[in-house]
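# What the coordinates show
Below are the chains, spelled out letter by letter.
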Amino acid sequence: PELDLYDRTGGFDFVFLNQPYGRLKVQRSDFTDSETLSKFLGRELEKELRETKVHLKNLCRYFRESGDYVLSCTGELDWHRLMIERAIRLTRQGGRIGCIVPSTILADFRSASLRKYLLDNCVLEEIHYLPETAGLFDTVNQATCVLVIRKTVPTGPSLITVSKCENSVDLWNAKPTSFSADIT
């Protein structure tokens, strides 16, 4: 049997995200790891750095001016906010979004518009917090969280399942706490 995840009238039933971490900003230090240095020599590295900066500047201009990312364009742009906003548009009403994102989304002032939209227009079903020490990814050195979001307008106080996981195994084994709260 075929699994049709796309509802032709309104989007996907499920959208899963594990987008790049970080801001849409390039720094010279991004080009000093041994893999990058082995690819480029001297002027070639400077040229690649300049071209990457121009590319990211154009991307930022698109995100800010397109009108498609109004919830995510406060301050410096972060991939996770942009991708969550895109996922919202791709998900059908009643569908779900699962994402692993920096935990800053839970309190960062630049995420305030996106958080407000999520709280007013979606149901936040699960939050699984992983501290920086969880070591979920080799290349990520910050606290993360797994969010499960249902795209449906809340009809009352939300029932949210929350867990703190000390490592990736805990993500599957931790005993979550569920609570009902009017978080709007």
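Reading guide: rules and limits
Residues numbered from 1 in each chain as written. Predicted model: local features only at pLDDT ≥ 70, side-chain atom pairs only at ≥ 80, totals over all residues. Heavy atoms only, no water. Helix = DSSP H or I, 4+ residues; strand = E, 2+ residues; numbered from the N terminus. Buried < 20%, exposed > 50% of the residue type's maximum accessible area, 1.4 Å probe, protein only. Contact = heavy atoms within 4.5 Å. Areas by Shrake-Rupley, 256 points an atom, 1.4 Å probe, with all protein chains shown as cover. Axes fitted to C-alpha atoms, helices over the stretch in contact; angles between N-to-C directions. Parallel < 35°, antiparallel > 145°, perpendicular 65-115°, else oblique. Left-handed = near helix turned anticlockwise from the far one by under 90°. Nonpolar A, V, L, I, M, F, W, Y, C, P; charged D, E, K, R; others polar.

On to the overall build of the protein chain. Secondary structure assignment for the protein chain yields five helices and seven strands. In sequence order, the protein chain lays out its α and β elements as β-β-α-α-α-β-α-β-β-β-α-β. The 184 residues of the protein chain split such that 37% are buried. Across the protein chain, the fraction of contacts at a sequence separation of at least 24, relative to all contacts at a separation of at least 6, is 63%. A total accessible area of about 11,300 Å² is found for the protein chain, and carbon and sulfur atoms account for 53% of it.

So, on to the packing of helix 3 (residues 79-90) against helix 4 (residues 112-121). Where helix 3 meets helix 4, the closest approach of the two axes is 11 Å, and the angle between their N-to-C directions is 30 degrees. Considered as vectors, helix 3 and helix 4 are oriented roughly parallel to each other. As for the relative orientation of helix 3 and helix 4, their crossing is left-handed in sense. For the pair helix 3 and helix 4, the contacting residues are Arg 81, Ile 84 and Ile 88 in the first and Leu 114, Tyr 117 and Leu 118 in the second. Tallied by class, residues from the contact of helix 3 with helix 4 come to five nonpolar, no polar and one charged.

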